[in-house]
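# Summary of structural features
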Amino acid sequence: MMKRSLWMAALAGAALLAGCGDRAVTAAGPGAKAKTEITLMRFFGSCDAKFGAVNDASQGVGECGIVTAMVNEFNATNPDGIVVKTQVAEWAPYYDQLTARLVAKDIPTVAVMHESALGDYVRRRLIEPLDAELPALGIDTADFTDHARRGVTLNGQIYALPFDTWAWLWHVNTTLMSQAGLMGADGKPKLPHSPDELLAMARQFKQRTGKPYFAWAIVKETAATNRTFQTLIAQQETPLFSEDGKRIDMHQPQVVNALALMQQLYAEGLVKPNLDYGGANQAFLNGEAGVVVVGTWTIDQFLREARKPGSPLKGGYTVVPFPQLYQRPAVFADGHSWALFKGGAATPEQHAAALKLLQFIWKRSAEWARTGHLPVRRSVADSAAFKALPFRQNLTEITRTGTSMPGNVPTQRAIELLIGEDVSNLMVSNKPIAEVQADVEKQVNKALKKVRR
Amino acid sequence: MTPMLRKGWFDRAVMALLIVLAALWMLPLLWVLALSFKPNELLMVRTDVFLAPPYTLANYADILQTSAVFRWLGNSALVAALQTLGVLVLSSLAGYGFARCEFPGRRWLFPLVLFGLAVPSQSVFIPLHRLFSDWGLQNTYAGLALPGLAAPFGVFLMTQYFKAVPIDLEEAALLDNASRFKTFLRVVLPLTLPAQATLGIFTFLACWNDYLWPLVIATQPEMYTLTRGLASTQTNFAQSEGLGFLMAQAVFAGAPVLMIYLFFQKHLVTAVAGTGRS
């Protein structure tokens, strides 16, 4: 009897455990107004404490604040009873978690995606094309900027709603530039137009200020070095990958040009050594370097600092696209976008709700541009309101000149890591250029070959 | 004269060195604690501030105002408790079986269990996730707790411990007509409490600190554990823009573990010393 009770208790416990998760979508009770619940998976952090109760996107501040307020506003104002349940995942393992969810058939209705990651999921036929849906929502795809269009289009079809374009910029301390004699009569910093000019200016800067020209995230960091390298390659009009996207070719003179320049800058002490991401930004904010090379997302942060009394950056900050050092203007750029996953909407109502959310996000596109990211709508990029935002006029060219890996190159985020690691080694530990070329080529081609299997 | 002063100069030098090393070891932890009370805006510019003002509780307030944080805390406590209990029960039973019972295959089964110690958990990660998701255990407490129940170290520890218990006690109980299970439960098991405590503490700590498995098996915020949930609230550039918040998260997640350590300090120290006995 005792034994049987124990077994029953164990079975009941097991059943309880297995059923304990919050798996089901809440069903409306009899008589209650039916609600359509959809899930939205994203990164950008969680900021319930500050913006959990803000229902107006225009009141949001920063990436997290704006996206939280935007979804709150949708939940509060949509007349169709749609409830968007946000599921926040951290940035670094975001795609690991997304993949785990897809495997477990716990598929989010809408998810944010880097445009560079989109291709991997499209090739696995996991994402729904949106060509037919967008015009019906009043989203004019002709209004997409060039970069946004390239980012979300694969094999001629649109697979996501572009959200922003982010790119690689030079954030400049104009006070130090002035000390170094590198400010023009127009009040703008003098920018280099060739690698030799860059080296000459950086040397002059160091000589006159005693400080390195660059603060560059290089330790515990692969993204920054990869983005700079890819920018320098793109400016030389060199395709790094074969036409079918299945091989990388590092044995080109243009690759040597880019690597040699990066190595020389570091070896001559023109880049402040051994900085990680936080350290590079900190060095710039403390006036320890003339230029920090980082993305669009830090504009507001630096600008706030430049307005603070007593800040070394006070009144001396500007930002420009990565200068053109070779034949053509180009800068590494990527973007965020919103994708609908197959199986993410269990009912036609959920599918329609997801589309309405996309429509709402599209309409609030200008709000998101306040983060520092560049707009994906020509109409917003050309608007007076956007141009009135600080420095944005300097940056709108990136919506045309932004460049990224070709869409047919698979597993781009892993490739960025492989390239970035070795380019960091080139700078920090003076790894010979030939070895970097050979190692990157070997590892990237191995990774690409694995994907094809 | 105190015992310390009675010791020779060598002992005192060793003690002084240990104090210095302990202080060095503590320094990063104290730094984390100090930064958790600093405004994020300040930490964007400098992180070499230790005791100097300004101070703020805003980072902790932000954590506490995150709507789901107490749920995540509860999830962590429940999963860690379930896993600890499960490991103790299974490891004790298996350990006793290997130490005392003769059964076919025992000679090769025990090394097979020990082989599990040599297999990194990451190497079975993908098949394990496939298995659990196929069983519909994604986003369930069972999904979070069950994989940790396979504890080769626990089986090994308990086997060795049971082997060290004098067999005469069991024989006396068996002669008094006690069943094998009763002998195990009433006579032998109470003698292994120090080992149980050691195993329990290590299992609880490992489960509490686990991040990787909850990352893939708990994909809905309601089912996040504390480590997983706190990580999800970080902004993309937390290391630069939200450093104080990041540090406060580390302190918040570590505080319950610290309390457990204070309660079970004696057993933990014994365990680390390697004997497993109090």
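Calculation notes
Here the residue numbering is sequential within each chain, running from 1 through the sequence in written order. For this description, chains carry letters from A and ligands carry numbers from 1, given in the order in which they are written. The predicted origin of the model limits local features to residues at a pLDDT of at least 70 and limits the giving and counting of side-chain atom pairs to 80 or more, whereas totals for whole chains, interfaces and linings rest on all residues. Hydrogen atoms and water are omitted, and side-chain values are computed over all heavy atoms in the structure. For the purposes of this entry, the term helix denotes a DSSP run of H or I that reaches at least four residues, the term strand denotes a run of E that reaches at least two, and both are numbered from the N terminus. Within these notes, the globule rule equals 2.2 Å times the number of residues to the 0.38 power, and the radius of gyration is based on C-alpha atoms. Summary of the burial criterion: residues with accessible area below 20% of their type's maximum are buried, those above 50% are exposed, and those between are partly exposed, where the area comes from a 1.4 Å probe applied to protein chains only. By definition, residues are in contact when any of their heavy atoms lie within 4.5 Å. The accessible surface values rely on the Shrake-Rupley method and a 1.4 Å probe; as for residues, cover is taken only from the protein chains in view. Charge convention: Lys and Arg are scored as positive, Asp and Glu as negative, and His as well as the terminal groups of each chain are ignored. To locate a charge, take NZ of a lysine, CZ of an arginine, CG of an aspartate or CD of a glutamate. Note on disulfides: each one is a pair of cysteine sulfur atoms within 2.5 Å. The term buried area denotes the loss of accessible surface (1.4 Å probe radius) that occurs when two parts are joined, taken as the sum for both partners. By salt bridge we mean one thing: a side-chain nitrogen of Lys or Arg within 4 Å of a carboxyl oxygen of Asp or Glu. A 3.5 Å cut-off defines polar contacts: any pair of N or O atoms within that distance qualifies, except that in protein one atom must be a possible hydrogen donor and the other a possible acceptor, and neighbouring residues in sequence count only when both atoms are side-chain atoms. Confidence of the prediction at every residue is given by pLDDT, a number between 0 and 100. Two aromatic rings, drawn from Phe, Tyr or Trp (for Trp, its six-membered ring), form a pair once their centres lie within 6.5 Å of each other, and the interplanar angle then sorts them: stacked below 30 degrees, edge-to-face above 60, tilted otherwise. For a Lys NZ or an Arg CZ to count as sitting over a ring, it must be within 6 Å of the ring centre and within 35 degrees of the ring normal. Helix axes are fitted to C-alpha atoms over the stretch in contact, other axes to C-alpha atoms as well, and angles between N-to-C directions run from 0 to 180 degrees. Oblique is the label for any angle not under 35 degrees, not over 145, and not in the 65 to 115 range, which are roughly parallel, roughly antiparallel and roughly perpendicular in turn. Each crossing gets its handedness from the near helix: less than a right angle anticlockwise from the far helix is left-handed, clockwise is right-handed. Here the term charged refers only to Asp, Glu, Lys and Arg, the term nonpolar to Ala, Val, Leu, Ile, Met, Phe, Trp, Tyr, Cys and Pro, and the term polar to all other amino acids, Gly among them. Definitions used for this entry: grid spacing 1 Å over protein atoms alone; cavity, a set of points where a 1.4 Å probe fits but cannot get out; pocket, an open set with protein on both sides within 12 Å along at least 5 of 7 lines; lining residue, one with an atom within 4 Å of a point. Grid points are joined across faces, edges and corners, and a volume is the space filled by probe spheres set on the points. The nonpolar core is taken to be a set of buried Ala, Val, Leu, Ile, Met, Phe, Trp, Tyr and Cys residues, with the residues joined through side-chain atoms within 4.5 Å. Criterion used throughout: strands pair if DSSP finds at least two bridges between them.

### Quick look at the overall build of chain A
Within chain A, the secondary structure is distributed over 21 helices and 12 strands. Its C-alpha atoms give chain A a radius of gyration of 24 Å, within 12% of the compact-globule value 22 Å for 453 residues. Over its C-alpha atoms, taken along the principal directions, chain A stretches across nearly 85 × 50 × 50 Å. The 453 residues of chain A split such that 56% are buried. Across chain A, contacts joining residues at least 24 apart in sequence account for 75% of those joining residues at least 6 apart. Here chain A has roughly 18700 Å² of accessible surface; of this, 54% comes from carbon and sulfur atoms. Each charge sign in chain A was given a centre, from 49 positive and 43 negative side chains, and these centres are 3 Å apart.

### Notes on the overall build of chain B
Per the secondary structure count, chain B includes 17 helices and zero strands. Its C-alpha radius of gyration of 23 Å places chain B more than 25% over the 19 Å reference for a compact globule of 278 residues. Overall, chain B is about 75 × 65 × 30 Å in size when its C-alpha atoms are taken along their principal axes. In chain B, the share of contacts with a sequence separation of at least 24, taken over all contacts with a separation of at least 6, comes to 68%. Charge separation in chain B, taken as the distance between the mean sites of 17 positive and 13 negative side-chain charges, equals 8 Å.

### Quick look at the state of the cysteines
All names here are of chain A. Scanning the model with the defined rule gives one disulfide over all chains in all. Through a disulfide, C47 is tied to C64; the S-S separation comes to 2.2 Å. The disulfide joining C47 to C64 has a torsion of about -105° about its S-S bond and is therefore left-handed. Here the residue C47 occupies a position in the loop between strand 1 (36-42) and helix 2 (48-51), and C64 occupies one in helix 3 (residues 62-77), the gap between them amounting to 17 residues. Taking relative accessible area as the criterion, C47 reaches 14% and is therefore assigned buried. Its relative accessible area of 7% is what places C64 among the buried residues.

### Overview of the interface of chain A and chain B
Listed per partner, the contact involves 39 residues of chain A and 43 residues of chain B. Between chain A and chain B, a total of about 3500 Å² is buried, with carbon and sulfur atoms accounting for 51% of that surface. Of the charged contacts, one joins D62 of chain B and K50 of chain A as a salt bridge, the two residues approaching to 3.3 Å between their closest N and O atoms. Linking chain A with chain B are 13 residue pairs in polar contact (both at pLDDT 80 or more), by the criterion used here. If you list the elements that add at least two residues to the side of chain A that touches chain B, you get helix 1 (2-19), helix 2, helix 3, strand 2 (82-88), helix 4 (94-103), helix 12 (277-285) and helix 13 (299-306) of chain A.

### Regarding the confidence of the model for chain B
Residues and elements named next belong to chain B. Of the residues in chain B, 94% reach a pLDDT of 70 or more, and the chain-wide mean stands at 88. No element of chain B has a lower mean pLDDT than helix 1 (residues 3-6), which averages 58, and none a higher one than helix 8 (residues 141-145), which averages 96. Taken together, the chains of this predicted complex give a pTM of 0.84 and an interface ipTM of 0.78.

### Comments concerning the packing of aromatic side chains
Residues and elements named next belong to chain A. A complete count under the given rule lists 36 aromatic pairs over all chains for this structure. Seen in terms of ring centroids, F163 and W368 are 4.4 Å apart; in terms of plane orientation they differ by 20°. Their pairing is stacked. Residue F163 is found in strand 6 (residues 161-173), and its partner W368 is found in helix 15 (residues 365-368); the two are separated by 205 residues along the sequence. Owing to a relative accessible area of 0%, W368 belongs among the buried residues under this scheme. Three or more aromatic residues link up through ring pairs in this structure, and these residues are F43, F44, Y94, Y95, Y121, F163, W338, F341 and W368. If you follow R124 out to its NZ or CZ, it ends over the ring of Y121, 4.9 Å from the centre. Note that R227 overlies the ring of W168, its terminal NZ or CZ placed 5.3 Å from the centroid.

### What about the packing of helix 6 (residues 106-115) of chain B against helix 9 (residues 152-164) of chain B?
Residue and element names in this part refer to chain B. Contact pair helix 6 / helix 9: the axes reach a minimum separation of 8 Å and the direction vectors enclose 130°. Here helix 9 runs oblique to helix 6, going by the angle between their axes. Between helix 6 and helix 9 lies a crossing whose hand is left-handed. Two secondary-structure elements touch here, helix 6 through F110, V113 and L114 and helix 9 through P152, V155, F156, T159 and Q160. Residue classes in the contact of helix 6 with helix 9 are distributed as six nonpolar, two polar and no charged.

### Notes on empty space enclosed by the protein
Summary: where empty space remains is shown by rolling a probe the size of a single water molecule over the atoms. Residue and element names in this part refer to chain A. Counting across every chain of the model gives one cavity of 30 Å³ or more. Counted as a void, the largest cavity has a volume near 50 Å³. Lining the largest cavity are W170, L198, F214, W216, T228, L232, L261, M262, L265, V293, F322 and L325. The set of elements that each furnish at least two residues to the lining of the largest cavity consists of helix 10 (223-235) and helix 11 (253-267). The element that contributes the greatest number of residues to the lining of the largest cavity is helix 11, accounting for three residues.

### A closer look at the nonpolar core
Residues and elements named next belong to chain A. Formed by 88 residues in total, the largest nonpolar core has its most connected members in W170, Y213, F214, F229, L265 and Y317. For this core, the element with the most residues is helix 11, which contributes seven residues. In contact with F229, other than residues within four places in its own chain, are L240, M250, V255, A258, L259, M262, I419 and V423. Formed by 55 residues, the second largest nonpolar core is a distinct cluster that contains I66, F74, L358 and W362.

### Things to note about the pairing of strand 3 (residues 110-114) of chain A
Residues and elements named next belong to chain A. The element strand 3 is largely enclosed, with a buried count of five among its five residues. Burial along strand 3 is two-sided: V110, V112 and H114 facing one way and A111 and M113 facing the other are all buried. As judged from the five bridges shared by strand 3 and strand 11 (residues 331-340), these two strands associate in the antiparallel manner. Bridge pairing in strand 11 places V112 opposite W338.

### Considerations on the pattern of salt bridges
Residue and element names in this part refer to chain A. Counted by the stated rule, this structure contains 21 salt bridges over all chains. Between R123 and D120 there is a salt bridge, with its nearest N and O atoms 3.3 Å apart. Remark: D120 and R123 occur in helix 5 (residues 115-123); sequence separation between them is three residues, near one turn of the helix. The shortest N-O distance in the salt bridge between K431 and D439 comes to 2.6 Å. With a relative accessible area of 26%, D439 lands in the partly exposed category. Overlapping salt bridges, with partners in common, bring together D422, K431 and D439 in one network.

### Some remarks on unusual backbone geometry
Peptide bonds are, in most cases, trans, and in most cases residues other than glycine have a negative phi. Residue P54 of chain B is reached from P53 of chain B by a cis peptide bond, and omega for that bond is 5°. Tracing the backbone shows P54 of chain B in the loop between helix 3 (40-45) and helix 4 (58-64). Within the chain, E237 of chain A stands out as a residue other than glycine whose phi angle is a positive 55°. Along the chain, E237 of chain A falls in the loop between helix 10 and helix 11. A positive phi is found at N274 of chain A, a non-glycine position, where the angle reads about 55°. Tracing the chain through its elements places N274 of chain A in the loop between strand 8 (271-272) and helix 12.

### Remarks on the confidence of the model for chain A
Where the model shows low pLDDT, its predicted coordinates should not be examined in detail. Residues and elements named next belong to chain A. Residues of chain A with pLDDT of at least 70 account for 92%, and the chain-wide mean is 90. Per-element mean pLDDT across chain A ranges from 46 in helix 1 up to 98 in helix 9 (residues 195-209). Here residues 5-31 is modelled with pLDDT under 50, and outside its nearest four sequence neighbours on either side it reaches 25 contacts, counting other chains as well.

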